[in-house]
Amino acid sequence: MNRVSFLAGLAFGFLVAAARLNDYNVIHDMLLLREPDVFLMMASAIGVAAPILAYMQKKHWRTMDGEINLRRQPISRKNVTGAAIFGAGWAVAGSCPVPALAMTVGGSVLGAFVMAGLVSGIVLRDAVEARSLQPLLRRFRASSEVEPEAAGAQG
Amino acid sequence: MDILPDRVPWYIVGPLMGLTVVALFAIANRPLGATTAYRESFRAATLRRVNEAWRVWLFVGMAAGALLVSLLRGGPSLTLSYGLLGTLVPVGLLIPILFGAGLAMGFGARWSGGCTSGHGIRGMSALSPASIAATMTFMAVAVSLTFLLHIVTGGSL
């Protein structure tokens, strides 16, 4: 499993850097709709992968960890809200997680600051999520403590 | 000596990216994505419990792949340049701006459940409704904000 994910990462990191997605100007020109290359790259990646994955799911493809699961998720508000914040950061930095890593590996000091921000944002979101779950957890614990008495009273 | 072309064209990179997503699903039944790989790698680096070790290996692989390209292009070199943005904004101001942009990306991607690779390539390839909505949103916001910055800076950016 770890070997497979390392190799997939190796290929993906190689391709991102080979296409110069770790260059601010490439992403900036894409987002200014000056050149279609990155859009075409994404579209061709999806165009190749989507039919193969759909076929594999239809055929109940067996992997080394059970039947293939494409993890399709229904739309929820967090997908859109989070993506809007992500998009704002992407526009300013002209870089996203894998390109920022590729930038840094290539020697970009400023790429390392993007990466530091990324990690901080992930940690911050996890902290917010953990905090917002606290009242729910407390309520759950309280209700499970009360339950036996309530059941007894009814009985 | 530079072995790789300056920029490998989209019609080679795109399909190969698609096949990478397929391979990780087909062999290991795992979704390719960078945000959770960052998270798990940070946990590993700070000696905290790692929930999914394969994501750390994915992250290490991504770094190794990018390093390989850098080596094929003459090797990594320390630089403070940052494209057009770096020519317009002094480094002292650029550092907090880029950190803030990274923070927004990390926060937003974690909230949204993916980034350009997790939603934009992997999730879209899986035809996941959540990823389609997220990709349309971050594309629309990023394009709009980039145009706004372009206008505000009088076309400099």
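Every value quoted in this text rests on a predicted model; they were computed, and no experiment measured them.

Chemist: Give a description of the overall build of chain B that names residues and reports values.
Modeler: Within chain B one finds seven helices and zero strands. For chain B, the C-alpha atoms occupy an extent of roughly 50 × 40 × 40 Å along the three principal directions. Relative to its 157 residues, chain B shows a buried fraction of 50%. Summarising the internal contacts of chain B: among those between residues at least 6 apart in sequence, 43% fall at separations of at least 24. Carbon and sulfur atoms provide 72% of the accessible area of chain B, an area that totals close to 6,600 Å². If you average the places of the 10 positive and of the 4 negative side-chain charges in chain B, the two averages end up 13 Å apart.

Chemist: I'd like to hear about the pattern of salt bridges, residue by residue, with values.
Modeler: The final tally for this structure, using the stated rule, is nine salt bridges over all chains. For D29 of chain A, the salt bridge identified is with R34 of chain A, shortest N-O distance 3.2 Å. A salt bridge links R55 of chain B to E52 of chain B, with the shortest nitrogen-to-oxygen separation between them at 2.8 Å. By relative accessible area, which is 29% here, E52 of chain B ends up partly exposed. Three or more residues are tied together by salt bridges with common partners; here these are D126 of chain A together with R39, E40 and R110 of chain B.

Chemist: Outline helix 1 (residues 2–18) of chain A, supporting the account with residue identities and numerical values.
Modeler: All names here are of chain A. Here helix 1 is 17 residues long and its end C-alpha atoms lie 24 Å apart, about the 24 Å a rise of 1.5 Å per residue gives. Among all positions of helix 1, only V4, S5, A8, G9, F12, G13, L15, V16, A17 and A18 are buried. Following helix 1 by one or two positions, R20 adopts a phi angle in the positive range, close to 60°.

Chemist: Which residues make up the interface of chain B and chain A, and what values do they have?
Modeler: Facing 103 residues of chain B, the contacting portion of chain A comprises 105 residues. For R110 of chain B, the salt bridge goes to D126 of chain A, with nearest N and O atoms at 2.6 Å. At the boundary of chain B with chain A, the tally comes to 31 residue pairs in polar contact (both at pLDDT 80 or more). When residues of the side of chain B that touches chain A are traced back to their parent elements, those giving at least two are helix 1 (10–28), helix 2 (35–45), helix 3 (53–72), helix 4 (83–88), helix 5 (91–112), helix 6 (116–125) and helix 7 (129–152) of chain B. Top contributing element to the side of chain B that touches chain A by residue count: helix 5 of chain B, with 18 residues. Here the side of chain B that touches chain A is composed, by residue class, of 71 nonpolar, 25 polar and seven charged.

Scoring rules and cut-offs
Residues numbered from 1 in each chain as written. Chains lettered and ligands numbered in written order. Predicted model: local features only at pLDDT ≥ 70, side-chain atom pairs only at ≥ 80, totals over all residues. Heavy atoms only, no water. Helix = DSSP H or I, 4+ residues; strand = E, 2+ residues; numbered from the N terminus. Buried < 20%, exposed > 50% of the residue type's maximum accessible area, 1.4 Å probe, protein only. Contact = heavy atoms within 4.5 Å. Areas by Shrake-Rupley, 256 points an atom, 1.4 Å probe, with all protein chains shown as cover. Lys, Arg positive; Asp, Glu negative; His and termini not counted. Charge placed at Lys NZ, Arg CZ, Asp CG, Glu CD. Salt bridge = Lys/Arg side-chain N within 4 Å of Asp/Glu carboxyl O. Expected span 1.5 Å × (residues − 1). Polar contact = N/O pair within 3.5 Å; in protein donor to acceptor, adjacent residues only side chain to side chain. Nonpolar A, V, L, I, M, F, W, Y, C, P; charged D, E, K, R; others polar.

So far we have only geometry, and geometry alone does not tell us how the molecule works.
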